[in-house]
Amino acid sequence: MQGACEESTVGLEQTSDRSHGKLNVSWGRAEGCVLFLCNKCYSVLGDSLSVCGDEESLGAIACLRVTEDLNVGESVLFVVEGNLKGCAYYSLVCRSCGTNIGFNLYSAPRAYAFLRGLFCLLKEHILCYKLKCSSLVPGNEMHFEFPSLDEDIAQLKTQLVQLHLKMELISQQLLQQEKNTGACL
Ligand SMILES: [Zn+2]
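Per an unreviewed UniProt entry, the recorded name for the protein is Protein Mis18-beta-like, and the organism is Xenopus laevis. Listed under Function (unreviewed entry) in UniProt, the entry text for the protein is "Required for recruitment of CENPA to centromeres and normal chromosome segregation during mitosis."

Below, the structure is given as structure tokens:
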């Protein structure tokens, strides 16, 4: 399907938004909101506003919340191969068609500890529906970008240094004023 977006962070038709053939989505942008659908029955499973991680090595999108159309398995299962070998998890199953959409990690090695408790949707089992463009794109073509904090931290540091210098200047002026007042008496 083709999209008709002209200004969007998800611009399905804009090559500038693509990197390595993937569709880039800026995190937290309501105007670029994307729904995650089951690729078999099109049930809505979640949305991009609740995404808090894009784990390329696992091919999974980690979400804080999902819809009621995604069932969390009742029993703990164990991963027997791959990067998460030995990890315990609950399976996430599409309520309508029974497709195994992803996992909810109960235990994980340090490298993936941040995923524990999150709803990880495997990109290969989802479709992404861009609300603004009414376009569908395979989950495998999605990539979520998270803004770097480095720039913000550098800016904050500069502001703190400027504030510190200003405080020193005021403090010196006050001292000087006190001295002058003392000399007058
Ligand atoms: Zn389904």
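Now that the structure has been shown, we can carry on.
In this section: the sheet that holds strand S4 (residues 44–47). Within the open sheet, the 4 strands sit side by side as S4-S3-S12-S13. Their pairing is antiparallel. The open sheet is flanked by S4 and strand S13 (135–138), the only strands paired with a single partner. Averaged over all pairs of adjacent strands, the angle between their axes in this sheet comes to 30°, without regard to strand direction. Bridge count for strand S3 (residues 34–38) against strand S12 (residues 126–130) is 5 bridges, and the pairing is antiparallel. The residue bridging Val34 from the neighbouring strand is Lys130, located in S12.

With that out of the way, let us pick up the pairing of S4. Pairing between S3 and S4: 3 bridges, direction antiparallel. What sits directly across from Phe36, in S4, is Gly46. Where S3 folds back on S4, the antiparallel hairpin that results is connected by 5 residues, among which Tyr42 adopts a positive phi of roughly 65°.

Conventions and cut-offs
Residues numbered from 1 in each chain as written. Predicted model: local features only at pLDDT ≥ 70, side-chain atom pairs only at ≥ 80, totals over all residues. Heavy atoms only, no water. UniProt positions renumbered as here; feature names shortened; annotations may be inferred. Pairing = 2+ DSSP bridges. Helix = DSSP H or I, 4+ residues; strand = E, 2+ residues; numbered from the N terminus. Axes fitted to C-alpha atoms, helices over the stretch in contact; angles between N-to-C directions.

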